[in-house]
Amino acid sequence: MVMNSNEIRNMFLSFFKRKNHVFIKESSLISKSSDLLFTNSGMNQFKDLFLLENNKLNFTRVVNSQKCIRVGGKHDDLNNIGYTLRHNTLFEMLGNFSFGDYFKEESINFSWELLTNKNWFNLDKNKIFITVYYSDEESENIWKKIGISKNKIIKIKDINKNNKYISNNFWQMSNIGPCGPCTEIFYDLGDNFKGKFTNKSNIGDRYIEIWNLVFIQFNKDINGNLIKLNMNSVDTGMGLERVSSIIQNVNSNYKIDIFINLVEIVKNKLNLLYNKKNIKYIKIIADHVRTSIFILYNKIIPSNEKHGYVLRKIIRRACCCINMLGINYPILYTIINNFIEYMKLFYYDFFLSNYEIGNIEKIILNEEEKFINLINYGLLILKKNIDNNIIIKNNKKLLDGNFVFKLYDTYGLPIDIIINFCKKYNINIDKLIFNELMSIQKINNF
Ligand code: SER
């Protein structure tokens, strides 16, 4: 019998409880740190414990399961959603932690045992690949001792030679706080999937990162200095949805039990075929509506700042997909009830909190109406001014990038909708200028 995601979560927790870890309930999705809007990893609630000394702690081994949102801030996956099989705006992170207790050797051995022992996850050992921080020979040697061959271990350098400790294998929650080198565990989905295992960015879906083991040794201060901590600690995070996709043998987060019915609800309510053209939009809608429900249950409402802004951004991205599917009326609010009923199967405790589903539907409907008005107005401006903003480059008609940026930035018209509109008139958009203006804006907002 294949395990469902609730059983997989329970197995993770039981494994570490047997290794003398104390279970600590997850923290709220709304972050308490001033430098973070939403909880982005399991270690957030423990970040101060890493800075203490272990004789001041009531426990030194902890296990938990934490809902995380990675939209905005240092870790932002929003634009990956719909384009990969492995990203979600909200996911559950399974983690074990050591505060000055065990370190690299035990941590790596725990992960190997849980993943590959036939009494636990029983994954195929041959499909496991590893990355380590380039100077972390200790971790590399532990993996070799376990039996991972040299060609399956990649050393990841700093992104830039002049900036030590800025690397995909050096983890930090935000710009300050506890941090350290990490070793990441990947699973090879096989040659039906595109992707290479290299020391460059991991592009493609073939090698999927399932677990990150961080060896916390430093505290980064506001000036970017790394201060060595008194004790060595461990912070690990495994994506429940990703490991479920492997254990359930479906190889996509959107096909695991947590998501499969949400995808069906979207498809059926919107009366869509699950074909190549629609699939991306269906995935984005399923992901974004699910995340919006979790945020709304935390009593956040859409607005133009902070958490409310992120929520609005997520809802609008879903609305944009609806528009791209050719639907010009509010419809997302009609799927909320079915979503919540299904989500309760995996997050029973979370949905015990008393919140009127009708309220959530009203808020979503309101956002959809606002979005439709915004689109209509933006398109009006576009139609009125299109002729004056055409430039010819290499005999091709292009819409001036400055104007495109204005439509996006001032009138809130999503870029996909602008491209879609222009396509009908055989006009491309001047992406070079547009992207340049976007990068300038990003730098200014940083
Ligand atoms: N904090 C690390 C991460 O989020 C490991 O839990 O990847």
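This one's a predicted model, so the numbers in the text were calculated from it and none came from an experiment.

**Student:** Let's hear about the nonpolar core: which residues, and what values?
**Tutor:** Ranked by internal contacts, the top residues of the largest apolar core, which has 120 residues, are Phe121 and Trp143. It is helix H6 (residues 276-297) that contributes the most residues to this core, 11 residues altogether. In this structure, Trp143 is in contact with Ile108, Ser111, Trp112, Ile130, Val132, Ile148, Ile153, Thr183, Ile185 and Leu213, ignoring residues within four places of it in sequence. Judged by nonpolar contacts, the second largest core, of 17 residues, contains Ile24, Phe50, Leu57 and Leu229.

**Student:** Explain H6 to me, and be specific about the residues and the numbers.
**Tutor:** Counted at 1.5 Å a residue, the expected span for H6 with its 22 residues is 32 Å, and the 33 Å between its end C-alpha atoms agrees. Burial analysis of H6 places 18 of its 22 residues in the buried class, the great majority of the element. Taken from the residues just after H6, Lys299 is the one with a positive phi, measuring 65°.

**Student:** Report on the site of the ligand, specifying residues and quantitative values.
**Tutor:** Close contacts around the ligand come from Ser41, Met43, Arg70, Met93, Trp171, Asn212, Val214, Asp235, Thr236 and Gly237, and that covers them all. Take Arg70: an N or O atom from its side chain is 2.9 Å from an oxygen atom of the ligand. Contact distances for the ligand include 2.9 Å between an oxygen atom and a side-chain N or O atom of Asn212. Starting from 230 Å² of accessible surface for the ligand in isolation, the protein chains cover 96%. Those elements that place two or more of their residues in the shell around the ligand are strand S8 (207-220) and strand S9 (226-239). Top contributing element to the shell around the ligand by residue count: S9, with 3 residues. When the residues that make up the shell around the ligand are grouped by side-chain class, the tally is 4 nonpolar, 4 polar and 2 charged.

**Student:** Residue-level account of empty space enclosed by the protein, with values.
**Tutor:** By the definition in use, this model includes 1 cavity of 30 Å³ or more. Put simply, the largest cavity is a space of about 50 Å³. Lining of the largest cavity is provided by Leu85, Arg86, Leu189, Asp205, Ile208, Ser245, Asn251, Ser252 and Asn253. Of the residues assigned to the lining of the largest cavity, the class counts are 3 nonpolar, 4 polar and 2 charged.

**Student:** Report on helix H10 (residues 401-409), specifying residues and quantitative values.
**Tutor:** Within H10 the residues assigned to the buried category are Gly401, Phe403, Val404, Phe405 and Leu407. The opening residue of H10 is Asp400, an N-cap whose side-chain oxygen sits 3.0 Å from the backbone nitrogen of Asn402.

**Student:** A description of the packing of H6 against helix H7 (residues 306-324) should follow, citing residues and the corresponding values.
**Tutor:** One can describe the packing of H6 onto H7 by two numbers: an axis separation of 9 Å at closest approach and a directional angle of 150°. By the angle class used here, H6 and H7 are roughly antiparallel. Handedness of the H6/H7 crossing: left-handed. Packed against H6, whose contacting residues are Tyr281, Ile284, Ile285, His288, Thr291, Ser292, Ile295 and Leu296, the element H7 presents Leu311, Ile314, Ile315, Arg317, Ala318, Cys321, Ile322 and Met324 at the interface. Taken together, the residues of the contact of H6 with H7 break down into 12 nonpolar, 3 polar and 1 charged.

What counts as what
- Residues numbered from 1 in each chain as written.
- Predicted model: local features only at pLDDT ≥ 70, side-chain atom pairs only at ≥ 80, totals over all residues.
- Heavy atoms only, no water.
- Core = buried A, V, L, I, M, F, W, Y, C linked by side-chain atoms within 4.5 Å.
- Buried < 20%, exposed > 50% of the residue type's maximum accessible area, 1.4 Å probe, protein only.
- Helix = DSSP H or I, 4+ residues; strand = E, 2+ residues; numbered from the N terminus.
- Contact = heavy atoms within 4.5 Å.
- Expected span 1.5 Å × (residues − 1).
- Near = heavy atom within 4 Å.
- Polar contact = N/O pair within 3.5 Å; in protein donor to acceptor, adjacent residues only side chain to side chain.
- Areas by Shrake-Rupley, 256 points an atom, 1.4 Å probe, with all protein chains shown as cover.
- Nonpolar A, V, L, I, M, F, W, Y, C, P; charged D, E, K, R; others polar.
- 1 Å grid on protein atoms, 1.4 Å probe; cavity = no way out; pocket = protein on both sides within 12 Å on 5 of 7 lines; lining within 4 Å.
- Points joined across faces, edges and corners; volume = space filled by probe spheres on them.
- Axes fitted to C-alpha atoms, helices over the stretch in contact; angles between N-to-C directions.
- Parallel < 35°, antiparallel > 145°, perpendicular 65-115°, else oblique.
- Left-handed = near helix turned anticlockwise from the far one by under 90°.

This is a description of form; function is not addressed.
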